[in-house]
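Chain by chain, the residues:
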Amino acid sequence: MNWVRVRKDSVVINGNMLATESTGQAMLKEVYKKCIGDYPKFFKMDALCRLGFVASELLLQQESPRVVNTEHRAVILFNRSSSLCDDRNYQETIQDSDNFFPSPAVFVYTLPNIITGEISIRNKYYGETLFAVLKQFDAREIHDIVCEAFLDSMTLDVITGWVDCESDDDFEACMLLVARDENNFTPEFINEI
Amino acid sequence: MIVKIADNITSPLGFDTATNYAAVLEGRSCLKPHEDKWNVPEPFMASLFEDGAIAKRFSAIGGNVHKYSRFEQLCILSVALALKQVPHIDVASKRTALVISTTKGNVEALDSNYSGPGNEYLGYSAQMIAEYFGFTTTPIVVSNACISGLCAQIVAMRGIESGRFDTIVVVGADVQSRFIVTGFQSFKALSHEECKPFDINRQGLNLGEAAATVIYQKVEGENHNCWMAMSGAIRNDANHISGPSRTGEGSYRALRAVLEGVDISQIGLVNVHGTSTPYNDEMEAIALGRMKLDKTPINTLKGYYGHTMGAAGVLETVLSMHALDHGIVLATRGYEQCGTSIPVNVSAQHRNTSAMSFVKLLSGFGGCNAAMLFKKGGAA
């Protein structure tokens, strides 16, 4: 079972540390340039989507051959801060009536599930996309919701995990690809990532 | 089977399902033009609670208005009235869960002028609502844009089907704010007039406030005269984060999934999203056409309530159930003349039906789409 963990100052793929020189948003850009590079839409994304996008790309690069164009793969993500990082950016554009410049490009990211859409668009995944918010990280809850997602017979595997962005430079993601018959997918495994 | 054992709709039209149903049957709506509301520079049309109306009701049930935000009060009001119908439910049981559907929750707390209780974290609001009633399991907040209300019901269905829970309370709610209204205005998605779903002159959506609750429980067999949640599916367009697919891809695939093996002639109604934006309604008509549902009666309730966001999926499911209980396919308020490239079976009048099954369809930002199939127990 492939997994990645991205924190503000480190990237770990299947237990192996990826060498990085920067932190925060600069680190996400550094990883994008070094490891991805072919998706300029990345630069339009808000911080939560950049985080989720980088994590998903690093995860999917472990897959061979990389699966695209499928309805059999779901994207089910969780966090604590919803889209609050971008919500705060949007609030700034409308806070003062004298300095009022609401932008659709900012507003569109004020929904946490946009990252599930970004991953689906990138990979042409037509399957289920779901986003849920918890008061705090809860491996048991994530595990149970993902196991129950397989009740949809179309879903053969799930990209899941925790993608939380409290601010531009304070974030954490862990993401894994879980197959329908994966025996090692347990709350303990999620906790260890 | 997973059946609905209680429900509630709390909206500007009324504080219970029966009052809402009666108002809609009379063709009423609380869509009104608002000027200078929340200091929004441009006027807008929306269905909003009167100032203080939620707090007044909340006080009347003994709630502390200084402890709970407007959003939390609205959720609690709706859940309380649904729970009252089923006093035997053990809310504190490890086998009972709460699923909350919302897009923006208490986002108005981000405004530096906000002076109400609580904060902007959805998990915090969920905890406040869960503790009010004494739920002991972790509340889940499903935040999946405009399809949240169906996703929450699908998560609930699965939680019961897997055997993890016996009873799940699903509440969908959103309150409007300067944040949401200006955002939709920046998208040029709002109509200045009352919305005109599927109409040739439709120009955009209206926003609305509401909460709705449905309580699901597992029962054996189909001899119970209750509404059953038969199947649900969520699918993505994989196309664009803010524009619907031109082929109705995700909606079509979601419909295909829930109708697999189902005789489409038995479906009496597809209650669609029908926001009244040019693109949404066109997309849904294409998806319905691809699924050969273009001759099946369809309707949308946005002309009565506006787009109630996190509440929509639950509210529209509950109201559709009550209408079919009375043998009625509710009129699509605001519709006059077909305005989609694939003509669909929509009407400005209430219609009679004997059908006892329907499909609920929604789509939203992030390219997400969801469908659910419902059937009345005891029906052929």
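Residues numbered from 1 in each chain as written. Chains lettered and ligands numbered in written order. Predicted model: local features only at pLDDT ≥ 70, side-chain atom pairs only at ≥ 80, totals over all residues. Heavy atoms only, no water.

Q: Which residues make up the overall build of chain B, and what values do they have?
A: For chain B, the count of helices and strands is ten helices and 15 strands. Here the C-alpha radius of gyration of chain B, 19 Å, is about what a compact globule of 380 residues would show, namely 21 Å. Based on the C-alpha atoms only, the size of chain B along its principal axes is roughly 55 × 50 × 40 Å. The buried share of chain B, reckoned over its 380 residues, is 66%. Considering only residue pairs separated by 6 or more positions, chain B has 78% of its internal contacts joining residues 24 or more positions apart. Each charge sign in chain B was given a centre, from 32 positive and 34 negative side chains, and these centres are 3 Å apart. (Helix = DSSP H or I, 4+ residues; strand = E, 2+ residues; numbered from the N terminus. Rg over C-alpha atoms; globule rule 2.2 N^0.38 Å. Buried < 20%, exposed > 50% of the residue type's maximum accessible area, 1.4 Å probe, protein only. Contact = heavy atoms within 4.5 Å. Lys, Arg positive; Asp, Glu negative; His and termini not counted. Charge placed at Lys NZ, Arg CZ, Asp CG, Glu CD.)

Q: Explain the environment of B:Cys30 residue by residue, including any values.
A: Residue and element names in this part refer to chain B. Here Cys30 is to be found in the loop between helix 1 (17-25) and strand 2 (31-34). For Cys30, a relative accessible area of 16% translates into the label buried. With 274 residues separating them in the primary sequence, Cys30 and Tyr304 have C-alpha atoms 7.0 Å apart. For Cys30, the contacting residues outside a window of four places in its chain are Pro12, Leu13, Ala46, Ser47, Leu48 and Tyr304.

Q: Mind laying out the pattern of salt bridges, listing which residues take part and the relevant values?
A: A full pass over the atoms with the stated rule returns 35 salt bridges over all chains. B:Arg253 serves as the salt-bridge partner of B:Glu249, at 2.9 Å between the closest nitrogen and oxygen. Highlighted residues: B:Glu249 and B:Arg253, both in helix 7 (residues 249-258), separated by four residues, approximately one helical turn. Both residues of the pair, B:Glu249 and B:Arg253, count as buried. A network of salt bridges, in which partner residues are shared, links A:Glu71, A:Asp152, B:Arg235, B:Glu249, B:Arg253, B:Arg256 and B:Arg290. (Salt bridge = Lys/Arg side-chain N within 4 Å of Asp/Glu carboxyl O.)

Q: Give a description of the interface of chain B and chain A that names residues and reports values.
A: Taken residue by residue, the interface counts 55 residues in chain B and 52 residues in chain A. For the pair chain B and chain A, the summed buried area comes to about 4600 Å², and 57% of that belongs to carbon and sulfur atoms. Of all residues in chain B, B:Tyr121, B:Arg158 and B:Ile241 give up the largest surface area on contact with chain A, accounting jointly for 15% of the area buried on that side. The tally of links between chain B and chain A comes to ten salt bridges. (Buried area = accessible area lost by both parts, 1.4 Å probe.)

Q: Which residues make up the nonpolar core, and what values go with them?
A: One recurring pattern in soluble globular proteins: nonpolar side chains tend to sit buried together. Ranked by internal contacts, the top residues of the largest apolar core, which has 153 residues, are A:Val6, A:Phe78, A:Met175, B:Val170, B:Tyr216 and B:Tyr305. There are two domains that each give this core at least three residues, and those are domain 1 (2-218) and domain 2 (229-376) of chain B. Aside from chain neighbours lying at most four places away, what touches B:Tyr305 is B:Ile9, B:Ser11, B:Leu13, B:Asn20, B:Val24, B:Ser47, B:Leu207, B:Gly208, B:Leu315 and B:Leu319. Within the second largest apolar cluster, 23 residues are counted, among which are B:Leu259, B:Val272, B:Leu288 and B:Leu373. (Core = buried A, V, L, I, M, F, W, Y, C linked by side-chain atoms within 4.5 Å. Domains from an automatic or database assignment.)

Q: Got a sec to walk through unusual backbone geometry? Specific residues and values, please.
A: In this structure, the amide linkage connecting A:Ser64 to the following residue, A:Pro65, adopts the cis form with an omega of -5°. Structurally, A:Pro65 is set in the loop between helix 2 (47-60) and strand 4 (73-79). Of note in this structure, B:Ala145 is not a glycine but carries a positive phi near 55°. As for its position among the elements, B:Ala145 is in the loop between strand 5 (140-142) and helix 5 (148-161). Look at B:Ser276: it is not a glycine, yet its phi comes out positive at around 90°. If you trace the backbone, B:Ser276 turns up in the loop between strand 10 (269-271) and helix 8 (278-290).

Q: So what's going on with the layout of surface pockets? Which residues, and what values?
A: Residue and element names in this part refer to chain B. For the largest pocket, the calculated volume is near 690 Å³. Surrounding the largest pocket, 30 residues form its lining, Trp38, Arg70, Glu108, Tyr114 and Ser115 being those nearest its centre. The set of elements that each furnish at least two residues to the lining of the largest pocket consists of helix 2 (53-60), helix 3 (70-84) and helix 6 (178-186). For the lining of the largest pocket, the element with the most residues is helix 2, which contributes three residues. (1 Å grid on protein atoms, 1.4 Å probe; cavity = no way out; pocket = protein on both sides within 12 Å on 5 of 7 lines; lining within 4 Å. Points joined across faces, edges and corners; volume = space filled by probe spheres on them.)

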